[in-house]
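# Geometric and topological summary
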Amino acid sequence: MNGGIEKAAQVIRESHRFAVFTGAGISAGSGIPVFRGDGGLWEQYNPQVLELEYFFDHPDDCWKVLAELFYAHIEHAMPNAAHHALADLEAIIGTFPVITQNIDGFHQMAGSSDVIEYHGTLHQLKCLVCDYSEMINFKSLLSLTPTCPLCKTALKPDFVFFGEGIPPNAQFRASDIANSCDVLLVIGTSGEVMPAAMIPKAAMHQGATVIEINVGNSVFSNQEPHIFLQGKAEIILPAILEECKIV
Ligand code: NAD
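Residues numbered from 1 in each chain as written. Predicted model: local features only at pLDDT ≥ 70, side-chain atom pairs only at ≥ 80, totals over all residues. Heavy atoms only, no water.

## Things to note about the environment of Asp182
Note that Asp182 resides in the loop between helix 7 (168-180) and strand 7 (183-187). Expressed as a C-alpha distance, the spacing of Asp182 and Asn137, which sit 45 residues apart in the sequence, is 41 Å. In this view, Asp182 contacts Ser15, His16, Arg17, Phe18, Ala208 and Thr209; residues no more than four positions away in its chain are not counted. (Helix = DSSP H or I, 4+ residues; strand = E, 2+ residues; numbered from the N terminus. Contact = heavy atoms within 4.5 Å.)

## A word on the side chain of Glu90
Position of Glu90 relative to the elements: it lies in helix 4 (residues 81-93). Of the buried charged residues, Glu90 lacks a salt bridge, with Arg173 as the closest side chain of opposite charge at 11 Å. Reaching out from Glu90, the side chain makes a polar contact with the side chain of Ser113 at a distance of 2.7 Å. Residues within four places of Glu90 in sequence aside, it is in contact with Thr95, Phe96, Gly111, Ser112, Ser113 and Asp114. (Buried < 20%, exposed > 50% of the residue type's maximum accessible area, 1.4 Å probe, protein only. Lys, Arg positive; Asp, Glu negative; His and termini not counted. Salt bridge = Lys/Arg side-chain N within 4 Å of Asp/Glu carboxyl O. Polar contact = N/O pair within 3.5 Å; in protein donor to acceptor, adjacent residues only side chain to side chain.)

## Quick notes on the site of the ligand
Around the ligand, 27 residues are found, and the nearest of them are Gln101, His119, Thr189, Ser190 and Asn214. Take Asp104: an N or O atom from its side chain is 2.7 Å from a nitrogen atom of the ligand. Within the side chain of Thr189, a nitrogen or oxygen atom sits 2.6 Å from an oxygen atom of the ligand. Coverage of the ligand by the protein amounts to 94% of the 840 Å² it exposes when considered alone. Its residues assigned to classes, the shell around the ligand comprises 10 nonpolar, 13 polar and four charged. (Near = heavy atom within 4 Å. Areas by Shrake-Rupley, 256 points an atom, 1.4 Å probe, with all protein chains shown as cover. Nonpolar A, V, L, I, M, F, W, Y, C, P; charged D, E, K, R; others polar.)

## Overview of the sheet that holds strand 8 (residues 209-214)
One open sheet holds the six strands; their spatial order is 3-2-1-7-8-9, and the pairing between them is parallel. The sheet terminates laterally at strand 3 (115-117) and strand 9 (226-230), the two strands that pair on one side only. Strand after strand, the sheet turns through a mean of 15° between neighbouring axes, direction not considered. Note that strand 1 (residues 18-22) and strand 7 share five bridges and pair parallel. Bridging across to strand 7, Phe21 finds its partner in Val186. (Pairing = 2+ DSSP bridges. Axes fitted to C-alpha atoms, helices over the stretch in contact; angles between N-to-C directions.)

## Concerning the side chain of Thr22
Among the structural elements, Thr22 can be located in strand 1. A polar atom in the side chain of Thr22 sits 3.0 Å from the side chain of His107. Those residues in contact with Thr22 that lie beyond four places of it in its chain are Leu86, Val98, Ile99, Thr100, Gln101, Asn102, His107 and Ile187.

## Re the sheet that holds strand 5 (residues 133-135)
Pairing is antiparallel in the open sheet, where three strands are placed in the order 5-4-6. Since the sheet does not close on itself, it has two edges, and those belong to strand 5 and strand 6 (156-159), each with one partner. If you compare each strand with its neighbour and ignore which way they point, the axes differ by 50° on average. Both strand 4 (residues 120-126) and strand 6 contribute to a ladder of three bridges, which runs antiparallel. Looking at strand 6, one finds that Lys126 is bridged to Lys156. This element, helix 3 (residues 59-74), spans strand 4 and strand 6 of the sheet and lies at about 55° to strand 6.

## Remarks on helix 7
Between the first and last C-alpha of helix 7 there are 18 Å, a value that for 13 residues agrees with the 18 Å anticipated at 1.5 Å per step. Along helix 7, the positions that sit buried rather than exposed are Ala170, Ala174, Ile177 and Ala178. An end-on view of helix 7 places all buried positions within 100° of arc, on one side of the element. In helix 7, the exposed residues that point more than 90 degrees away from the buried face are Pro168, Asn169 and Phe172. Looking at the buried residues of helix 7, the elements they touch are strand 1, strand 2 (98-100), strand 3 and helix 8 (198-205). (Expected span 1.5 Å × (residues − 1). Arc of directions from axis to C-beta.)

See the structure below:
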């Protein structure tokens, strides 16, 4: 592992167009459960609750699960050592884009300056009928379905449900970065959610070096060119940061 961290730090320091792609695993150390992998939420819940059609038909049921899945965890959770290490890395190698599948806002809270929220955010609510939007109010969310003050429709969290498209600006920037980066650091993602999983694949395809951090295997783990660091992001990223300071 030590050799892997040194190698990763060297590759990052020597890169010219460095970028990062993160998934739920980077926030596991903040107490936010992942969907897949050991203890993942899909062992307890049916993924149907995040389908757009299900939300339209059963907004109250959906909100009850959303409160349990995300909002009960997120209210008091904070970015962890992995988010902070990425933000601190900017002081050493300069600003770089972080494409995140996460909806928790932790990269921005930690101080990363160029975050692309590929799947949107759970901090904002929107009305699918009249385009009204507002920031979340945690206390009222945990007890009842939020409704649009203008048209009384159930508000939806402004993150991408199954059956919804990726926000066009996020898709455009993410594709551009995947096609032009020379090193992509991929952290805590199973690689099973499409089209997000195309980002590392496109980077590999155009010849970028991919460094992956994951506690287990993902769909990317056996593909080349690839440096695989097995372990927790909140342990490995601070170690890479320290190594980058001395490389
Ligand atoms: P996923 O749940 O499919 O996979 C999580 C991955 O993280 C697994 O491969 C697992 O082995 C790995 N992992 C778990 N703990 C880790 C740790 N401490 N360090 C490193 N790796 C760890 O997640 P995904 O690939 O991001 O796709 C799921 C979708 O669910 C995404 O779209 C994401 O938006 C959403 N999601 C977001 C959050 C969040 O915002 N915090 C939480 C759950 C799910």
